[in-house]
Each structure stands twice: as C-alpha cells, then as structure tokens.
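# Coordinates in review
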Amino acid sequence: MLKCGRHIVRRTTGVRRNWQSYQSQIRTLATAAETPRVSNSSGHLEFSYHNANNTGSLKRTSLPVVSCVHQDTAQRNFNTFDIPEDIQPAQIEANDEGVKVQWSGDAHQSFYPWDFLDFYLKSDKRVPEPVEVEYFGARGPQTSQAWPPTLTYGDFSTNETETVGRLTDHIRRNGFAFIAEVPVESAEPTEKLLEKIAFIRETHYGGFYDFIPDLALADTAYTNIALGAHTDTTYFTDPAGLQAFHLLSHTDKSSKDGSGANLGGQSLLVDGFYAASILRKEDPKAFEVLSRVKLPWHASGNKGITISPDKPYPVLEVDESTGKLHRVRWNNDDRGVVPFGGEHSPEEWYKAARKWNEILRRESTEYWFQLKPGNLLVFDNWRVLHGRSAFTGVRRICGGYSESDIYSFLTATDIQC
C-alpha cells in the first residue's frame, strides 16, 4: 500500500519538472546490493542499478504515473489534470523502506516503497507470466508424462481456487484439459462448474448451450455431419477465449442396444500453434501470407442475424512486439472473399491456405478421441482447433464460451501448482 494521500500522481508528475537546485542531492540505500541510488538530475529523478559485474548501471529517467486510489475500489480518486505543471520537490529522502518526497507549495509528502519502485524501474509494465508451451500432436506432447491433462469434478469441491489454477495452467501449457466424473443426469452440474471457471459468454446462440443435432440454429454444429478442424466465433472482433463441450448422452433407438457404441462422432483437436510452427518452418512464405492478408469473416445463416468483426483479420495473428503467434482464427466455412489489390494476391493466399490445410489434416497433427459422458473438455479457442467425425443417432452436448479477458484474468491470478 502506498503511504500517500491524494497527491501521488500530482507529485509523480512533478518528477518530470525542473529540479536544477537539487542536482547534487543523492541518497543511497545501504541495506541491499540491488537497491538503486536515487538522485535529482536535470529535471527528473534518476535511479541507478549496478549489476553484479559493475560494468554499468540501468537508469530510468522518470517515474511511472503512480495513482492515488480509493482504498476499497482501487480506482483513481482525484483529477490528475488539477496538478500544477510546475510542481517541484522540496526534499528527497531515501530510507530502509523507500523514498520520501516532500513537495513545494503545500509541503505534502509522498512515499514510494522500494518494492514498488523496484518493479517499475526494472519492468515498467506488467508482462504475462512466462509459460513453457507444450505443443501436442496425435500422441500428445513429446515431454508430457501424463496425457491427456485431466482433473476431476470433485477437485473443485475440495479446493476450488487451487483447482481452477491447475486447470488454467494445463490450458496455458497444453491448450486444453479434461474434467472427469462430471454428473450427467442433467446439464446443470456442467453449467455450475463452468461458472466456477469463468463467466459464460452470451452470443446469438444464447449463453450456456444444451443441444441435439436438430438444426434449431443454422449452424453445422447442429447437424450430424463431419466437421473439419476450425476455431469458433471467427466472426467476432474478440473470438471466444475458452470453449467447453460435455457429451451428456449419445443414443440411437435403431441400434441393437440403443447405446452410442460405434455410432461415430469422434472428436478432433489440432494444436494451431504447433501447426503454425510447422508452417513457418516448412514454408515461411505461406506463414507470412496467412499472417498479413486480412480477411472478412461472417455469420449469416440465422434469419435476421449477420455478424462480422470490426475489421478484417488474418488467419494467423502475430504479436508485433514479440513476433510470437498470438491467435489462430480459422473456419473456412465462415470466411469471406479473399481481398484483391493488397500486398499479396488471392492466388498467393490460396496457395498458402492449401499448405495450412494440409498441415492441419496430417495424421501426425490430428488428436482424435471419443468424448464420453462425464468427461468435460475445456480448451483455448484462440489456439486449439476442434472438429468431429460424422455420427448417427442423437448426441446431446452442453457447454459454453467464456471471454478472452476473463481467461487472461484467471491465468494472471490462479495458483500455479
């Protein structure tokens, strides 16, 4: 907790002003080797770190904006722009706890703890926790000892917070996870379980879904035909983050025993990040095309409903700051017309897409399994493509989507086990 009142941002803004009269002041904390030296220099506070080899120092020439916050809501509680532009420090003092600054004018004192300064001086922004992503193929990842990643329904009752952390850790590493022993007498236990994991997202299909192949909605998911590997909600600006499927039952009255045995409907998962890594290695040009050509996407099957994202998006979305793949957006059935007159021609795009499709359909990249009642599948829709084989009889599937922001929140706050 910052030991300062409403003027924290006000005083921090003053850090950027002219402090020529204090250029000679330097305070050094002597209790820790990695504690920075703080000084007034040429109109800014300067913090210097010396590395272990004493070959130089790391300097940040201004403090980040540190806000006074409401103690109950953690929101800024004053107007930043009421701060005078010419605010200046009257005195700076470093002690074992942090840096104290007394300001001109009303002589207000601000206090910046060392842990706060240390984080922002070295990092200056929040970054995702590093995760060792494990690609999977037909036989799972090469390094995994336990495959597929699975938790049990009872784990959530024993320790909900820890179990949600374990689940999201599996999904971040492997792209998906199963939750076994989920009750199948009704869809309600599945819905309640998903609500423990994240908010269920409302779409034009509703929120929590519970359906059979009756074409109640105009989407091929509501049929019994085979579906190739794809991601869902490509037509949203922000596609669903997590997606869940739970097979409650699969029956066929015309079969001898009425059960779903040998009725088809195997489930398919493809690690889109793994497939993209193969594409980048085997055909860098194709990877470039699919990451640069932006396509229109749409959902237009249901009467009175047409959905498209805020702008065209490429199949492979790359983080410009890291060069790493950020998201896969692929459903050839929901794709619009490949644009003309861009950096790459439609012919180039189709050639690259054909290579991409070939990789997705390789036996080595397709992970097939049979969904069984009681086993809930939860996966990262930004990374993992899903599909199925054709089936006969009636399958009852329930599940839902969650927002990507909620999933990001969970991965930032869960307990890593």
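In the block above lies the structure referred to throughout.
Residues numbered from 1 in each chain as written. Predicted model: local features only at pLDDT ≥ 70, side-chain atom pairs only at ≥ 80, totals over all residues. Heavy atoms only, no water.

We now examine the overall build of the protein. The secondary structure content of the protein amounts to nine helices and 19 strands. Considering only contacts in the protein between residues 6 or more positions apart, those separated by 24 or more positions represent 70%. Accessible area for the protein stands at about 21800 Å²; split by element, carbon and sulfur atoms hold 48% of it. (Helix = DSSP H or I, 4+ residues; strand = E, 2+ residues; numbered from the N terminus. Contact = heavy atoms within 4.5 Å. Areas by Shrake-Rupley, 256 points an atom, 1.4 Å probe, with all protein chains shown as cover.)

Adjacent strands of a sheet pair through backbone hydrogen bonds, lying either parallel or antiparallel. On the basis of which strands lie adjacent, the open sheet formed by four strands has the order E11-E18-E13-E16 and antiparallel pairing. Of all strands in the sheet, those bounded by a partner on one side alone are strand E11 (227–230) and strand E16 (366–369). Taking each pair of neighbouring strands and ignoring which way they run, the sheet shows an average axis angle of 20 degrees. With four bridges connecting them, strand E13 (residues 267–271) and E16 associate as antiparallel partners. Paired with Leu 269 across the two strands is Tyr 367, which belongs to E16. Packing of helix H6 (residues 272–282) onto the sheet brings it into contact with E13 and strand E18 (384–388), and relative to E13 it is tilted by some 50 degrees. (Pairing = 2+ DSSP bridges. Axes fitted to C-alpha atoms, helices over the stretch in contact; angles between N-to-C directions.)

Checked against the element boundaries, Ser 291 lands in helix H7 (residues 284–292). Engagement of the side chain of Ser 291 in a polar contact is seen with the backbone oxygen of Glu 288, the distance being 3.0 Å. Those residues within four positions of Ser 291 in sequence are excluded, and the remaining contacts are Pro 314, Leu 316 and Val 318. (Polar contact = N/O pair within 3.5 Å; in protein donor to acceptor, adjacent residues only side chain to side chain.)

Okay, the nonpolar core next. If you look at the biggest cluster of nonpolar residues, it comprises 29 residues, and the most contacted ones within it are Leu 290, Val 315, Leu 316, Trp 330, Trp 349 and Trp 356. Those elements that place two or more of their residues in this core are E13, H6, H7, strand E15 (325–328) and helix H8 (346–360). By residue number, the principal contributor to this core is H8, which donates six residues. Every residue in contact with Leu 316, bar those within four places of it in the chain, is listed here: Ala 276, Leu 279, Phe 287, Leu 290, Ser 291, Leu 325, Arg 327, Val 328 and Trp 356. One finds Phe 136, Tyr 205, Phe 245 and Ile 397 within the second-largest nonpolar core, a separate group that totals 23 residues. (Core = buried A, V, L, I, M, F, W, Y, C linked by side-chain atoms within 4.5 Å. Buried < 20%, exposed > 50% of the residue type's maximum accessible area, 1.4 Å probe, protein only.)

Before going further, it helps to examine the pairing of strand E12 (residues 242–251). Regular strands have side chains that alternate between both faces of the sheet. Taking burial as the measure, the ten residues of E12 include eight buried ones, the bulk of the element. In this sheet, strand E17 (residues 376–380) lies alongside E12 in antiparallel orientation, the contact comprising five bridges. In the sheet register, Gln 243 faces E17, and the bridge partner there is Phe 379. When E12 meets strand E19 (residues 394–402), the two strands line up antiparallel, connected through nine bridges. Note that in E19 the partner of Leu 242 across the bridge is Ser 402.

Further remarks concern the sheet that holds strand E6 (residues 98–103). Strand order in the open sheet formed by three strands is E5-E6-E7, with antiparallel pairing between adjacent strands. The outermost strands of the open sheet, each flanked by one partner alone, are strand E5 (89–94) and strand E7 (109–113). Here the average twist between neighbouring strands, direction ignored, is 15 degrees. The pairing of E6 with E7 spans five bridges and is antiparallel. Of the residues in E7, the one forming a bridge with Val 101 is Ser 110.

Turning to helix H5 (residues 188–197), its buried residues number three or more, namely Pro 189, Thr 190, Leu 193, Leu 194 and Ile 197. Down the axis of H5, the sector holding all buried residues measures 135 degrees, keeping them to one side. (Arc of directions from axis to C-beta.)

Everything listed here is a matter of geometry and, on its own, says nothing about what the molecule does.
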